[in-house]
Amino acid sequence: MRRANSQPSLEGVPVLSRPQVLFTTAAEMRNEPASCYNCIFYNHDESCQLIGPRVVISKFTYPKVATNDAKRIEYWPCCGMHQHGEPNFGPPTFSASNDPTSLDLIWINAPSLGLERGGANCGGENGGDDCDNYCTDGDDKRDEPSAFCRVLQSTVMNGDVCASWRDDDQLPWDKAQNILKERE
Ligand code: SF4
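Definitions and cut-offs
Residues numbered from 1 in each chain as written. Predicted model: local features only at pLDDT ≥ 70, side-chain atom pairs only at ≥ 80, totals over all residues. Helix = DSSP H or I, 4+ residues; strand = E, 2+ residues; numbered from the N terminus. Rg over C-alpha atoms; globule rule 2.2 N^0.38 Å. Buried ≥ 20, exposed ≤ 12 C-beta atoms within 10 Å, placed from the backbone. Contact = placed C-beta atoms within 7 Å. Near = placed C-beta within 6 Å. Nonpolar A, V, L, I, M, F, W, Y, C, P; charged D, E, K, R; others polar. Pairing = 2+ DSSP bridges.

> Mind showing me how you'd approach the overall build of the chain here?
Along the backbone of the chain there are two helices and nine strands. Along the chain, from the amino end to the carboxyl end, the secondary structure elements read α-β-β-β-β-β-β-β-β-β-α. For a compact globule of 184 residues, the expected C-alpha radius of gyration is about 16 Å, and the chain comes in at 18 Å, within 12% of that figure. Counting only C-alpha atoms, the chain reaches 55 × 40 × 30 Å along its principal axes. With 184 residues in all, the chain has 34% of them scored as buried. Taking as baseline every contact in the chain between residues at least 6 positions apart, the subset at least 24 positions apart corresponds to 66%.

> How should the site of the ligand be read in this particular structure?
Around the ligand, the structure places 14 residues, and the nearest of them are Cys122, Cys131, Cys149, Cys162 and Trp165. Its residues placed into classes, the shell around the ligand shows eleven nonpolar, two polar and one charged.

> Would you explain the sheet that holds strand S9 (residues 171-172) in this entry?
The strands making up a sheet associate through hydrogen bonds between their backbones, and the pairing can be parallel or antiparallel. What the four strands build is an open sheet, ordered S3-S4-S5-S9; its pairing is antiparallel. Whereas interior strands pair on both sides, the edge strands pair on one side only; in this sheet they are strand S3 (60-62) and S9. Sheet analysis places strand S5 (residues 106-109) next to S9, joined by two bridges and oriented antiparallel. Within the sheet, the bridge partner assigned to Ile106 lies in S9 and is Pro172.

> I'm lost on unusual backbone geometry in this one. Help?
If a residue is not glycine, its phi is most likely negative; likewise, a peptide bond is most likely trans. A cis amide bond links Tyr62 to the next residue, Pro63, at an omega of -5°. Mapped onto the secondary structure, Pro63 falls in the loop between S3 and strand S4 (73-78). A positive phi angle, close to 50°, is found at Arg30, a residue other than glycine. According to the C-beta neighbour criterion, Arg30 is exposed, with 12 such atoms within 10 Å. Residue Gln153 is not a glycine yet carries a positive backbone phi of 55°. As for its position among the elements, Gln153 is in the loop between strand S7 (146-149) and strand S8 (154-157).

> Could you clarify how one ought to interpret the sheet that holds S8 in this entry?
Pairing within the open sheet is antiparallel, and its three strands lie in the order S6-S7-S8. Only two strands of the sheet have a single partner each, and these edge strands are strand S6 (134-135) and S8. Where S7 meets S8, four bridges bridge the pair, whose relative direction is antiparallel. Counterpart to Ser146 in the pairing with S8 is Met157.

Encoded structure:
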């Protein structure tokens, strides 16, 4: 039976389940978008306990000065291991040294500057940035309380989030490190 289950089949690409994408509901997120700033593994405004001290993890606004063709945008860090809760506000502690690429560490653009909370959720409500896989008919995803998710092939709520969150203008972690270094 086990061998039969792992044979090639004609069923096509498997549809992922909610546990497989570390799905978290809006209620579990307390209706906040996901970012390092509400993650239990975060050494506040500094680093991640699962990555180590070599990667600086902090939100930033870029570019420093707005130009005619580039407005200033605030970017919030987050990764696929996000666990909602209080960060560590004391001296930094570390429990692992994972590769930031493996944890999918990225920086996420907020819809406006100076929000109390930015980060990721399915539909971009409450200051979040919406996911490319949240499929709506309307012009503004934030207006849709629920929608079809292309990854899960089922309906999700606007404030839900998962580790498969994607956006075409997310910043990779190494680019964010260069921007943070420039600002020192
Ligand atoms: S819409 Fe995006 S963040 Fe929401 S469940 Fe689907 S893949 Fe995950």
